[in-house]
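Each chain, letter by letter, is given below.
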Amino acid sequence: MMSNFEKKFGKYAIKNISLTLIMCYAFGYAMQLIMPEILYYLTLNPYAILHGQIWRIVTWIVIPPGSDNLFFTLLMLYFYYSLGTTLERTWGTYRYNLYLFSGMIFTVIGSFLMLGYCYFFQPDSIMLFGAKNFFDFASLFFSTYYVNMSIFLAFAATFPEVQVYLMFIVPIKVKVLGIIYGILLLVSFIQGTAYGRFAMGASLFNFIVFWVTSKNHIHMSPKQVKRRQEFKREVKRNTGVTKHKCAICGRTENDSPDLEFRFCSKCEGNYEYCKEHLFTHQHVKY
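Sequence order as written defines residue numbering, which begins from 1 separately in each chain. Local features in a predicted model are, by the rule used here, given only for residues with pLDDT of at least 70; side-chain atom pairs are given and counted only at 80 or more, and totals for whole chains, interfaces and linings are based on all residues. Note that water and hydrogens are dropped before the side-chain values are worked out from all heavy atoms of the structure.

**Q** I tried to follow the nonpolar core on my own but got confused; where do I start?
**A** When a protein is soluble and globular, its nonpolar side chains tend to lie buried together. Note on terminology: a nonpolar core comprises buried Ala, Val, Leu, Ile, Met, Phe, Trp, Tyr and Cys residues joined through side-chain atoms within 4.5 Å. Only protein chains enter the area calculation, which uses a 1.4 Å probe; residues under 20% of their type maximum are buried, those over 50% are exposed, and those in between are partly exposed. Leu87, Phe135 and Phe152 are the most contacted members of the largest nonpolar core, which has 52 residues in total. Secondary structure elements follow DSSP: runs of H or I of four or more residues count as helices, runs of E of two or more count as strands, with numbering from the N terminus. Among the elements that line this core, the one with the most residues is helix α9 (residues 145–158), at 10 residues. Of all hydrophobic cores here, the second largest spans eight residues; its members include Leu259, Phe261, Cys267 and Tyr273.

**Q** Can you walk me through helix α10 (residues 174–191) in this structure?
**A** Helical geometry: 3.6 residues make up each α-helical turn, so side chains three or four residues apart lie on a common side. One fewer than the residue count of a helix, multiplied by 1.5 Å, yields its expected span. With 18 residues, α10 extends 26 Å between its outermost C-alpha atoms, agreeing within 8% with the 26 Å of an ideal straight helix rising 1.5 Å per residue. Every buried residue of α10 is accounted for by Val174, Leu177, Gly178 and Leu185. Seen along its axis, α10 keeps its buried residues to an arc of 100°; they face one direction. Of the exposed residues in α10, those oriented more than 90 degrees away from the buried face are Ile179, Ile183, Leu186, Ile190 and Gln191. Directions are taken from the helix axis to each C-beta atom, and the arc is the one they span.

**Q** What's the story with the side chain of Arg56 in this structure? I'm lost.
**A** With respect to the helices and strands, the residue Arg56 is situated in helix α4 (residues 56–59). Working convention for charge: Lys and Arg count positive, Asp and Glu count negative, and His plus the chain ends are omitted. We define a salt bridge as a contact between a side-chain nitrogen of Lys or Arg and a carboxyl oxygen of Asp or Glu at a distance within 4 Å. Here Arg56 is buried and forms no salt bridge, its nearest opposite-charge partner Asp136 lying at an N-O distance of 4.9 Å. A polar atom in the side chain of Arg56 sits 3.2 Å from the backbone oxygen of Tyr40. Looking at Arg56, its side chain comes within polar contact range of the side chain of Thr43, at 2.9 Å. When checking whether two residues touch, look at their non-hydrogen atoms; a contact exists if any pair is within 4.5 Å. When residues no more than four places from it in sequence are discounted, the contact partners of Arg56 are Tyr40, Tyr41, Leu42, Thr43, Leu44, Asn45, Ala48 and Ile49. Two N or O atoms count as a polar contact when they lie within 3.5 Å, although within protein this holds only if one can serve as hydrogen donor and the other as acceptor, and sequence-adjacent residues are included solely when both atoms are side-chain atoms.

**Q** In this structure, what is going on with the pattern of salt bridges? I would like to understand it.
**A** Any two side chains of opposite charge can pair, given that their charged atoms come close. Under the criterion given, the structure shown has three salt bridges. Among the ionic pairs, Asp136 bridges to Lys132, the shortest N-O distance being 3.1 Å. Here the residue Asp136 and the residue Lys132 both occupy positions in helix α8 (residues 131–138), the gap between them amounting to four residues, near one helical turn. Accessibility expressed as a relative area gives 24% for Asp136, which makes it partly exposed.

**Q** Can you walk me through the side chain of Glu88 in this structure?
**A** For Glu88, the position within the fold is in helix α5 (residues 70–91). Beyond its immediate sequence surroundings of up to four residues, Glu88 is in contact with Ile14, Lys15, Asn16, Ile17, Thr93 and Tyr96.

**Q** Hey, could you run me through the packing of aromatic side chains in this one?
**A** Aromatic rings considered in pairs are described by the distance between their centres and by the relative angle of their planes. Pairs were defined over the aromatic rings of Phe, Tyr and Trp, the Trp ring being its six-membered one, requiring ring centres within 6.5 Å. Orientation was assigned from the angle between planes: stacked under 30 degrees, edge-to-face over 60, tilted for the rest. Per the counting criterion, the structure on display carries 20 aromatic pairs. Consider the rings of Phe134 and Tyr195, whose centres lie 5.8 Å apart with planes at 85°: the pair is edge-to-face. Taken together, the positions of Phe134 in helix α8 and Tyr195 in helix α11 (residues 194–203) put the pair 61 residues apart, joining distant regions of the chain. Under the relative-accessibility criterion, Phe134 is labelled buried at 5%. Its relative accessible area of 11% is what places Tyr195 among the buried residues.

**Q** I would appreciate a short explanation of a nonpolar patch on the surface in the present structure.
**A** Nonpolar side chains collect at one region of the surface, where Ile14, Phe101, Ile105, Ile109 and Leu113 lie side by side and expose about 440 Å² of accessible area between them. By the element assignment, Ile14 lies in the loop between α1 (4–9) and α2 (17–34). By relative accessible area, Ile14 is classed as partly exposed at 35%. Surface patches are defined over residues having more than 30% relative accessible area and no salt bridge, joining like charges when they lie within 9 Å and nonpolar side chains (Val, Leu, Ile, Met, Phe, Trp, Tyr) when within 5 Å. Here, Shrake-Rupley sampling with a 1.4 Å probe gives the accessible areas, and only protein chains in the shown set may cover a residue.

**Q** How should I be thinking about unusual backbone geometry in this particular structure?
**A** Peptide bonds are mostly trans, and most non-glycine residues show a negative phi. Positive phi outside glycine occurs at Asn16, with the angle close to 55°. Judged by relative accessible area, which is 28%, Asn16 ranks as partly exposed.

Written as structure tokens, this is what we have:
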């Protein structure tokens, strides 16, 4: 069901926002090659923001994840573009925009929380190195790396059974990679510095919110996504047709607004079932 916020603000959502994000990265890589010193004026430095450099609230997004290899850089950009566009088609433009922007906003908030933490618990370090130098260093922990990681984790949670080829050779399911990355992130969080913990926790908080609020409505396969898209197109062609209808009992969302509907991955064709018949129906085979 479309939320009231989506009805009101959905028209402002940026379509193909993954391409916009990749273009920001491309600009950042170009600046890194041509004028790398400028990037130090674009980082998410809360101390500098409070001293007038407010552009840093936005410009940190153009600083790409570090990589000195052009081939792997291009591969990384294409990989995250593919993940992002798939999520946008599945969730819808508004929800994917909300996911990305909430991650960025949480990251900015996390940087200011780190600022307060350092002044309260590490005043001696700030006095020793000077506030400007100290926060120039601490701001380097806040990057787009964790933004990309949140995209990957969201993809792994939505399409756990999708198979990819690790190093182009070894077939592995995305959910396995998601678990591995999750463990590595947890280890990094435990063993890392306070600045890294603030950066990691803030940047990935949007995924935590997403997982808690949506874990019962995700786990989709590519076939389910295709059937859902076909079903939506069919609904648009037939005005007056309900959006959801159980193939067994015939109930729709008009009968009960709280009733949940899901497509069955084992049935051949566009068959949707209510939650009471999703696991009890006889699978349709042609």
